[in-house]
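Working through the structure, step by step
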Amino acid sequence: MTCPCALARHGPVFTQEPSDSVFPLRSEDNKVFINCKAKGNPVPHYKWKVDGGYIDMDLNYNLVEGNLLINHPHATHHGGVYQCIATNVFGTIVSREAKVQFAYLQNFSRKSRNTVSVREGQAVVLLCGPPPHNGEIKYSWVFNGRPSFLLQDTRRFVSQRTGNLYIAKVEASDVGNYTCVVRNMMTNATAYSSPTPVVLRRDAVMGEYEPKIEVQFPESLHVTKGSSVKLECFALGNPVPSITWRRTDGNPLPGKIKINHSNGVLEIPYFRPEDAGVYECVAENSRGKNVAKGQLWVQTLKDVHMAIEANLQWECKASGKPKPVYRWLKNGEPLVLEVRMAKHCGRLAVPRINLLDSGMYQCLAENEHGAIYASAELKVVASSPDFSSSPVKKSMLIQRGGEVIMECRPHASPRASISWRRGGEFLKDSTRRTIMGDGTLRISNISESDGGRYTCVARNPFGTSSSTGTLVVKEPTKITVPPLSVDATVGESIVLPCEVSGDSSLGPTFKWFFNGKLIDFNRQDHFEMIGGSAGDLMVRNIQLKHSGKYVCMVHTVVDSVSAAAHLIVRGPPGAPEGLIVGEITDSTAQLSWESGPDHHSPVITYSIQARTPFSIGWQAVRTVPDSVPGQMFHATVIDLNPWVDYEFRVVASNNVGVGEPSMQSKQIRTKAAVPEVAPGNVSGGGGRRGELVIQWEPIPEELQSGEEFGYVVAFRPLGTSTWKQTVLASPDASRYTFRNDSVPPLSQFEVKVGVYNNKGEGPSSHVVVVYSAEEEPSEPPSRVWTRTLSASEIEVYWEPITQTASSWKIIGYEVLCWEEGMQESDAEMVRVTDTAAILSGLKGSTVYLISVRAQNSAGAGPSSPAVNVTTKKPPPSQPPGNIEWNLTNSKIFLSWEHVKAMGNESEVTGYKVLYRQNWLGKTSVVETNRTSMALQVPSGEDYLIEIKALSDGGDGSSSGPIRIPKMSSLNSNGHFSSAPCKIYLNMYCL
């Protein structure tokens, strides 16, 4: 579908105009192309002028659409001022004048340049002074004859307007020769200046000073739409200033903007009207800042379609030095002013326009530096009134008692006079009825009698037209059951009613607002509209956030009504605020706080909670007063442990529940005090002969009450009066051993353990009786005898030591075992608490020596005389071979070859068959002295079977697992060779 505006007929408007251009004389195609393009409907046709005269198209000049093509250009014949003219049936416009030149670049003078002497830290400007040239040129500088150009940064800048090199702050490394390089971008010709020497003055160093903007853009700059504009800005200063850019209207810089050369150049490509405005360059260092401003603008006039007899006013503004003068053109020719027309300072006024005033108008602003154009089309319209695009509304519904506005806006040129009639009667203004200046009919305080057909009649000199609409009066909508303000508790559900009466044909719609925002029922879990034809609102599982104002809004096509209610939600109190810890002692802390929100239910009590590095989470603590009332905002925490880090928080409670805790307080430490807790579970005993071992539970860190904590251990022989004491300075100590060879075994001592820290000595534990260490057993066990179980196991027995033979009870025995020919010190040892032991992991056919000794808490006693015992021969190493099996229903028949033991192996005494269901089942064992066996097994499962030889030396080598697959409806048999990994399986159908 084509946009109607694209089909509208209008005069020519330039979309691309020629601009001043410089061309190389010798290009590859030897052609010059000057752009010109205009839009219009019908399509415009073009002519060109050069130096004021029309161009005849010949071999040198060709017209390509609107553009001018010059073939084989010559500097003398084809240089000049060109202008494009575009024309269609609505009029003619002329483009701006474009100067066409041809590029060249001469050489610099060879005269040597003066030396520039400058202090370190000072700024310097080196002048380029380019030679005569025409066309776009690019400036660069070479330092000390190096092959590459001098790099620009925040400290060094080359202006492409003047060619000068600016150094914001001179450094010692800047000393040397500088050469200006000029390159013609059209001809590619390059010219080099004589070197400019720069030397340092040694008399002083330049101090710091604020930025001075040395390179800046014009205060006012006209930019052609679609062109590219570059603004330069660079400042001298110490420290080196930073450069930033911004728009003074606060709008962000367009995203297409390019900023380069360390922010010294701002480029705006494809300049559009929205890019116009005041741009600002800010140079700043630690000593201050400086600002340069300039306004960029693009001149436009707007096309207008105006009714005949209307008043036209166009304003054209331009800036420049010297101030520009203005001329107006109509259809490409100077505008001839009639008596009714006026122009002043770029403003054109044409009152009471007529059809002859239609055409293309251009404003031309010019001074000695050039001229700029702005174009627009004036269309003068004369027509009779027409309602086709804006008829009177066909049907208007309005509630009784309301007000109706009936608009009458026909298209007419000149403007039509408006009158209204109802039926055949023309209406006049009354107390309830007014015809307004723009033709709108307003009727207030509507009654049923006002219903009916209303006609707007429009007249102008070119004709009369009318349009009719119908006014329908309806009964107003009323809310009969409005929502009522209510209190609720967190977690409850309520219903806010909203029922209406009125004309049911209007189809009322209900909307609910909460605190001014429309409730989206699709996104709110707590809100639901219920009630069928009514608009009742249910609020489920009410939370504190649901407190506020609720408004039921009822809309119909003719009116809107609303009713409001407030919901107050009562909940547990909010968190108390501003918790402060005041005076602190070794066991108390004073707290104060401020109340938080009570959520519409007064606070009844406050409780205090504390947390230490030793506690599990927050714990309730005792306070004075014991129960803090809701009107009190301070309390003293008691029964704290000395020298412990505490954090506190306050929790408020009301009739609804317990609220959120306050923020925790800053961590504080109670003052130190003398320890108050004595060690517990004091005991002892054991150790080696001549030792008294005392043990206790150490005091936890939170009960040590201060620094330099330790223990005082006191003991005395039972029945004596003098205590012997020792001090343990370690807070982690839990054991003390007193050594004295004169202490008799199992002597009774009275023992107590006390505590101390840097504040003093604390309490001691209750006195307990502790025995000194017993002596080692003095006799070895008797009647030690052995029994060989297999090639790797021996069982040892002995008689226990009687209690009378030792000063204290035997806690176990040590069994020593070593090979004949080795030393007892190399023996393996097994500890047991019984009077028998089994030694395993032994070598077969080997003689071992066995000895036993008793052990108590003091150590081991003497060893019994060594007993010789020889292990049996090893079991057979050859596994059962040539195993055959047959499976019939639930029976497995097995057979295998007899295993023959070698000379150094125990004789075979039988066989052991191990079987289980698949790999994870429980293993069953069956022994036999034959070389065949039948196993009764459930059908339908896989089985794994192993066979081993039995001997006095133990179990022989295994045949390895044999897998017998499940076969519920088959008879099968198999053969397992003694060769590894060869299984033969035959299956026969029943």
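Residues numbered from 1 in each chain as written. Predicted model: local features only at pLDDT ≥ 70, side-chain atom pairs only at ≥ 80, totals over all residues. Heavy atoms only, no water.

Considering the state of the cysteines
Within the structure shown, the criterion is met by 6 disulfides. Here C316 is linked by a disulfide to C363, with a sulfur-sulfur distance of 2.1 Å. The S-S bond linking C316 to C363 shows a torsion near -85°; that makes this disulfide left-handed. Remark: C363 occurs in strand 37 (residues 359–367) and C316 occurs in the loop between strand 32 (312–315) and strand 33 (325–330); sequence separation between them is 47 residues. Here the disulfide map of the chain reads 1-2, 3-4, 5-6, 7-8, 9-10, 11-12, the bonded cysteines being numbered as they appear in the sequence. As a non-bridged cysteine, C345 has C363 as the owner of its nearest cysteine sulfur, 11 Å distant. (Disulfide = S-S within 2.5 Å. Helix = DSSP H or I, 4+ residues; strand = E, 2+ residues; numbered from the N terminus.)

What about the side chain of K379?
Mapped onto the elements of the fold, K379 is located in strand 38 (residues 370–381). An unpaired buried charge is present at K379: no salt bridge exists, and E377, the closest side chain of opposite charge, is 4.3 Å distant. Contacts of K379, omitting those with residues within four sequence positions, involve R9, H10, F90, V304, H305, M306 and S358. (Buried < 20%, exposed > 50% of the residue type's maximum accessible area, 1.4 Å probe, protein only. Lys, Arg positive; Asp, Glu negative; His and termini not counted. Salt bridge = Lys/Arg side-chain N within 4 Å of Asp/Glu carboxyl O. Contact = heavy atoms within 4.5 Å.)

Points about the UniProt feature "domain: Fibronectin type-III" (unreviewed entry) in the chain
Under the UniProt annotation, "domain: Fibronectin type-III" (unreviewed entry) lies at residues 575–673, 678–775, 780–874 and 875–969. For residues 575–673, the helix share is 0%, the strand share is 45%, and the end-to-end C-alpha distance is 34 Å. The annotated region residues 678–775 carries 0% helix and 50% strand content, and the separation between its end C-alpha atoms amounts to 32 Å. (UniProt positions renumbered as here; feature names shortened; annotations may be inferred.)

What to know about the sheet that holds strand 45 (residues 433–435)
An order of 41-46-45 is seen for the 3 strands of this open sheet, with the pairing classed as antiparallel. Bordering the open sheet on either side are strand 41 (404–406) and strand 45, each of which pairs with just one other strand. Put simply, the sheet's adjacent strands are angled 15° from each other on average, direction ignored. As paired elements, strand 41 and strand 46 (residues 441–443) share 3 bridges and run antiparallel to each other. Bridging from a neighbouring strand, M406 pairs with L441 of strand 46. (Pairing = 2+ DSSP bridges. Axes fitted to C-alpha atoms, helices over the stretch in contact; angles between N-to-C directions.)

Considerations on the environment of P679
You can see P679 is positioned in the loop between strand 67 (668–669) and strand 68 (680–684). For P679, a relative accessible area of 4% gives the class buried. It is 93 Å that separates the C-alpha atoms of P679 and S227, two residues lying 452 residues apart in sequence.

Notes on the pattern of salt bridges
As a working rule, side chains carrying opposite charge can pair if their charged atoms are close by. If you walk through the whole model with that rule in mind, you get 36 salt bridges. Ionic pairing is found between E280 and K293, a salt bridge with its closest N-O pair at 3.6 Å. In this pair, E280 sits in strand 29 (residues 277–285) while K293 sits in strand 30 (residues 288–297), placing the two residues 13 residues apart along the sequence. Under the relative-accessibility criterion, E280 is labelled buried at 6%. Classification of K293 as partly exposed rests on a relative accessible area of 46%. One salt bridge in this structure joins R716 and E750, with 2.7 Å as the shortest N-O distance. With a gap of 34 residues between them, R716 in strand 70 (residues 710–717) and E750 in strand 73 (residues 748–757) connect regions that are remote in the sequence. The same class applies to R716 and to E750, which are both buried. Overlapping salt bridges, with partners in common, bring together R119, R201 and D203 in one network.

Overview of the packing of aromatic side chains
Tallied over the entire structure, the rule returns 19 aromatic pairs. Ring geometry for F514 against F527: centres 6.1 Å apart, planes inclined by 50°, an arrangement best described as tilted. Taken as a pair, F514 in strand 53 (residues 509–514) and F527 in strand 55 (residues 527–530) lie far apart in primary sequence, 13 residues in all. Taken as a pair, F514 and F527 share a single burial class, namely buried. Ring geometry for F715 against F749: centres 6.4 Å apart, planes inclined by 65°, an arrangement best described as edge-to-face. Note that F715 is positioned in strand 70 and F749 in strand 73, a separation of 34 residues in sequence. A relative accessible area of 6% places F749 in the buried class. Taken together, the aromatic side chains of F715, Y736, F738 and F749 make up a single cluster linked through ring pairs. Over the ring of F90 we find K379, and its NZ or CZ is 4.7 Å from the ring centre. If you follow K752 out to its NZ or CZ, it ends over the ring of W723, 4.6 Å from the centre. (Phe/Tyr/Trp six-rings, centres within 6.5 Å; stacked < 30°, edge-to-face > 60°. Lys NZ or Arg CZ within 6 Å of the ring centre and 35° of its normal.)

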